[in-house]
Amino acid sequence: AQSVAQPEDQVNVAEGNPLTVKCTYSVSGNPYLFWYVQYPNRGLQFLLKYITGDNLVKGSYGFEAEFNKSQTSFHLKKPSALVSDSALYFCAVRDREYGGSQGNLIFGKGTKLSVKP
Amino acid sequence: EAEVAQSPRYKITEKSQAVAFWCDPISGHATLYWYRQILGQGPELLVQFQDESVVDDSQLPKDRFSAERLKGVDSTLKIQPAELGDSAMYLCASSFGADRLRYEQYFGPGTRLTVT
């Protein structure tokens, strides 16, 4: 079975400070991992993905994520948060061994990021 | 920049009534997805189309939900009859192809359904 957990419902950060949004996953094989962001009244937007290779993945808007196989984690990070980063962030996983690259993504329940000035 | 269009944006209906949602994907996108997002949860795939054909509807409650994409372009998702538990955001997404590693999914703004 595949699953993804986002242990924090909300993360509060002051503008200019680094931010981390946590994600852990469970798959039977090796994972494909994704981060999406959802702004109010908008659809989800793709931020970044891990397929293979370098464990540190860089994405849109200055975000990056680090794949840690031993800890089964894929935490989203940004060195300096902006007020405009305030949104809902979703981690998603796909088991590489289950249906290949065309299979379904399993999404976490989301983490609300609030960046205060 | 091209976007996925959805209508209506908001829908309130009484239980046992029929309701329909419409999605117009980005031009040229062969793959279309319908997701349901219950408040406080992540999106769950309901149905996936490749052109006009359904390729995955394993999570679609077929006793009350139906989806079609007759000409392989726009799509309609219908619920009949609606139940209170159907209250959610219904998201449509499209991509150039079905390979999720190669082709990014682009999401529409969603239709928020409230069943009373």
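Residues numbered from 1 in each chain as written. Chains lettered and ligands numbered in written order. Predicted model: local features only at pLDDT ≥ 70, side-chain atom pairs only at ≥ 80, totals over all residues. Heavy atoms only, no water.

**Q** What am I meant to see in the environment of B:Ser7 here?
**A** Residues and elements named next belong to chain B. Note on placement: Ser 7 falls in strand β1 (residues 5-7). Sequence-wise, Ser 7 and Cys 23 are 16 residues apart; in three dimensions their C-alpha atoms are separated by 6.7 Å. The contacts of Ser 7, once residues within four sequence positions are left out, are Phe 21, Trp 22 and Thr 111. (Helix = DSSP H or I, 4+ residues; strand = E, 2+ residues; numbered from the N terminus. Contact = heavy atoms within 4.5 Å.)

**Q** Would you mind showing me how to read the interface of chain A and chain B here?
**A** How large an interface is tends to be reported as the accessible area lost when its parts come together. Opposite the 20 residues of chain A that make contact, chain B presents 21 residues. When the two sides are added together, the surface that chain A and chain B hide from each other amounts to roughly 1700 Å², 53% of it contributed by carbon and sulfur. Seen at the junction of chain A and chain B, the total is zero salt bridges. Summed over the shared surface of chain A and chain B, the number is three residue pairs in polar contact (both at pLDDT 80 or more). Among the elements of the structure, β5 (31-38) and β6 (44-50) of chain A are those that each provide at least two residues to the side of chain A that touches chain B. (Buried area = accessible area lost by both parts, 1.4 Å probe. Salt bridge = Lys/Arg side-chain N within 4 Å of Asp/Glu carboxyl O. Polar contact = N/O pair within 3.5 Å; in protein donor to acceptor, adjacent residues only side chain to side chain.)

**Q** Is there a simple way to explain the state of the cysteines in this structure?
**A** Think of a disulfide as a covalent bridge from one cysteine sulfur atom to another cysteine sulfur atom. Applying the stated criterion to the full structure yields two disulfides over all chains. Shown here is the disulfide that connects A:Cys23 with A:Cys91, its sulfur atoms set 2.0 Å apart. Because the torsion about its S-S bond is -65°, the bridge between A:Cys23 and A:Cys91 counts as left-handed. On the criterion of sequence distance, the pair formed by A:Cys23 in the loop between β3 (19-21) and β4 (24-26) and A:Cys91 in strand β10 (residues 87-95) is long-range, its members being 68 residues apart. The disulfide partner of B:Cys23 is B:Cys92, and the gap between their sulfur atoms is 1.9 Å. Here the S-S torsion is close to -70°, and the disulfide linking B:Cys23 with B:Cys92 is therefore left-handed. Pair noted here: B:Cys23 is in strand β3 (residues 19-24) and B:Cys92 is in strand β9 (residues 88-95), with a separation of 69 residues, a long-range link. Taking relative accessible area as the criterion, B:Cys23 reaches 0% and is therefore assigned buried. On the basis of relative accessibility, which here comes to 0%, the residue B:Cys92 falls in the buried class. (Disulfide = S-S within 2.5 Å. Buried < 20%, exposed > 50% of the residue type's maximum accessible area, 1.4 Å probe, protein only.)

**Q** Explain the side chain of B:Thr31 here, please?
**A** Residue and element names in this part refer to chain B. Looking at the secondary structure, you find Thr 31 in strand β4 (residues 31-37). Here Gln 50 takes part through its side chain, which lies 2.6 Å from a polar atom of the side chain of Thr 31. The contacts of Thr 31, once residues within four sequence positions are left out, are Gln 48, Phe 49, Gln 50, Arg 69, Ala 93, Ser 94, Ser 95, Phe 96, Gly 97 and Ala 98.

**Q** Help me understand the sheet that holds β1(B) in this model?
**A** Sheet strands pair by backbone hydrogen bonding; their relative direction is either parallel or antiparallel. Residue and element names in this part refer to chain B. One open sheet accounts for four strands, arranged β1-β3-β8-β7; its pairing is antiparallel. The open sheet has two edge strands, β1 and β7 (65-68), and neither has a second partner. Taking each pair of neighbouring strands and ignoring which way they run, the sheet shows an average axis angle of 15°. Here β7 runs beside strand β8 (residues 75-79); their pairing, made up of four bridges, is antiparallel. Across the sheet, Ala 67 pairs through a bridge with Leu 77, a residue of β8. (Pairing = 2+ DSSP bridges. Axes fitted to C-alpha atoms, helices over the stretch in contact; angles between N-to-C directions.)

**Q** Looking at this structure, I do not really get the pattern of salt bridges. What am I missing?
**A** Should the charged atoms of two oppositely charged side chains come close, the side chains can pair. Summed over the entire model, instances satisfying the criterion amount to seven salt bridges over all chains. A salt bridge links A:Lys58 to A:Glu64; the shortest N-O distance between them is 2.9 Å. The shortest N-O distance in the salt bridge between B:Arg64 and B:Glu83 comes to 3.3 Å. With B:Arg64 in the loop between β6 (53-56) and β7 and B:Glu83 in the loop between β8 and β9, this pair connects stretches of sequence that are 19 residues apart. Residue classification places B:Arg64 among the buried residues on the basis of a relative accessible area of 12%. According to the relative accessible area criterion, B:Glu83 is partly exposed, its value standing at 40%. In the salt-bridge network here, residues are joined through shared partners; they are B:Arg64, B:Glu83 and B:Asp86.

**Q** Is there a simple way to explain the pairing of β4(B) in this structure?
**A** Residue and element names in this part refer to chain B. Burial analysis of β4 places seven of its seven residues in the buried class, which makes it a mostly covered element. On β4, burial covers both faces: Thr 31, Tyr 33, Tyr 35 and Gln 37 on one face and Leu 32, Trp 34 and Arg 36 on the other are all buried. Both β4 and strand β5 (residues 44-50) contribute to a ladder of six bridges, which runs antiparallel. Bridged to Arg 36 within β5 is Glu 44. Following β4, the chain reverses through six residues before pairing antiparallel with β5; Gly 40 in that reversal takes a positive phi of roughly 85°. With seven bridges connecting them, β4 and β9 associate as antiparallel partners. The partner of Arg 36 across the bridge, within β9, is Tyr 90.

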